[in-house]
Amino acid sequence: MNLKRLEHLVAVAEEGSMAAAARRVHLSQPALTRSIQALEDEAGVALFDRGARGVTLTAVGRMVTERARRVLFESGCLERDLTLVRQHEIGSVQIGLGAFPAAILLPELLSQLHRQWPKLRIGTEVSHPAALLQALYREAVDFVVIEHSTVPTAAELETVRLPPEPGGVFVRAGHPLTLGPVGLAALRESALVSVVFPPETHERVRKLFRCKPGEDVPFQVESNDFRALTHLVRHADALLLAPARAVREELRTGTLVALDIPELSDITMQFAIVRLAQRTLSPAAARAVAVIETVARA
């Protein structure tokens, strides 16, 4: 089957109308209609039901569309691998990171990559795990680094766990809660701040803080701008929940200190490098992965 026609099939299936799909694939609507009709003639069955409100896949159309997606993915991987073989160059890398992995890994990652390969073009995206996984599926990034618990079990994903990161609750030097051990009740009544957690992590934090049924963790500020969070905690009586390495410089200088919370179990966070399985990493992406693994284990 013609790959272009399969691409047109997937576009119509995802857009739900010939007009929208035609704009997506940069064809006129009559030309797209002819392409779909030619594919249906080749298949010998109708792939779409046409109606006044658009087109919907038939049962056979759904099966063919799913196969078409896999064929197009493999075709794209083959084309990309051949390009890498021809180029023999470093090129560029696009990396997606959650807010905590970015705070821990990104400064040293950028420093080492730039020092070792100064011509390497690097793009980074710091966002919520769900958005990063969508970017990975779209191949807008080469790989992502996110909390392991947020990675879905899927055959098309390949995951490498990084070492666990100890965490804690941190406040400014001189905060009233630094005068002695802090109970969980006092913790739940304080102004907590952290990154935007996915539901899985929220549930873990609820259990750590021993919240009652129906009681949520009272985060007063949630932001993926970790630098803004540390600035807030340095200048206000807010409490920051984070991995210790994310605030290592503040702890070293004494501007932030860890609270003593005897009732709180050890807080650990584990991150993972996630990439598309059966997709060859570019030399640049492979080097970036190697640096991340080294930095994470340092």
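Scroll up to find the structure.
Note that the structure is a prediction, hence the values are computed from the model and not measured.

Thresholds applied
Residues numbered from 1 in each chain as written. Predicted model: local features only at pLDDT ≥ 70, side-chain atom pairs only at ≥ 80, totals over all residues. Heavy atoms only, no water. Helix = DSSP H or I, 4+ residues; strand = E, 2+ residues; numbered from the N terminus. Rg over C-alpha atoms; globule rule 2.2 N^0.38 Å. Buried < 20%, exposed > 50% of the residue type's maximum accessible area, 1.4 Å probe, protein only. Pairing = 2+ DSSP bridges. Expected span 1.5 Å × (residues − 1). Polar contact = N/O pair within 3.5 Å; in protein donor to acceptor, adjacent residues only side chain to side chain. Axes fitted to C-alpha atoms, helices over the stretch in contact; angles between N-to-C directions. Contact = heavy atoms within 4.5 Å.

**Student:** Lay out the overall build of the protein chain with the relevant residues and their values.
**Tutor:** The helix and strand tally for the protein chain stands at 11 helices and 13 strands. Over its C-alpha trace the protein chain gives a radius of gyration of 25 Å, far above what one expects of a compact globule, namely 19 Å for 298 residues. Taking the principal axes of the C-alpha coordinates as reference, the protein chain spans close to 80 × 50 × 30 Å. Counting over 298 residues, the protein chain shows a buried share of 43%.

**Student:** Requested: an account of the pairing of strand β7 (residues 165-172), with residues and values cited.
**Tutor:** Side chains on a regular strand alternate between the two faces of the sheet. Strand direction decides the pairing type here: β7 and strand β12 (residues 268-269), joined by 2 bridges, are antiparallel. Within β12, the position partnered with Glu 165 by the bridge is Met 269. Examined bridge by bridge, β7 and strand β10 (residues 239-243) share 4 bridges and lie antiparallel to one another. Residue pairing in the sheet places Val 169 in a bridge with Leu 241 of β10. Two elements, β7 and strand β11 (residues 256-258), share 3 bridges in a ladder whose sense is antiparallel. Considered in β11, the bridge of Arg 172 is made with Leu 256.

**Student:** If you had to explain helix α1 (residues 3-15) to someone new, which residues and values would you point to?
**Tutor:** Between the first and last C-alpha of α1 there are 18 Å, a value that for 13 residues agrees with the 18 Å anticipated at 1.5 Å per step. A side-chain oxygen of the first residue of α1 lies 2.7 Å from the backbone nitrogen of Lys 4; this N-cap is Asn 2.

**Student:** Give a description of the sheet that holds strand β13 (residues 271-276) that names residues and reports values.
**Tutor:** Pairing in this open sheet of 5 strands is mixed, and the strands run β4-β3-β5-β13-β6 from one edge to the other. Among the strands making up the open sheet, the edge pair consists of β4 (121-126) and β6 (157-161). When the angles between neighbouring strand axes are averaged without regard to direction, this sheet yields 25°. Bridge count between β6 and β13: 5 bridges; the pairing is antiparallel. Directly across from Arg 161, in β13, lies its bridge partner Ala 272. Running over the sheet, helix α5 (residues 99-116) touches β3 (92-97), β4, β5 (143-147) and β13 and is turned about 170° from β4.

Taken by themselves, the reported measurements are silent on function.
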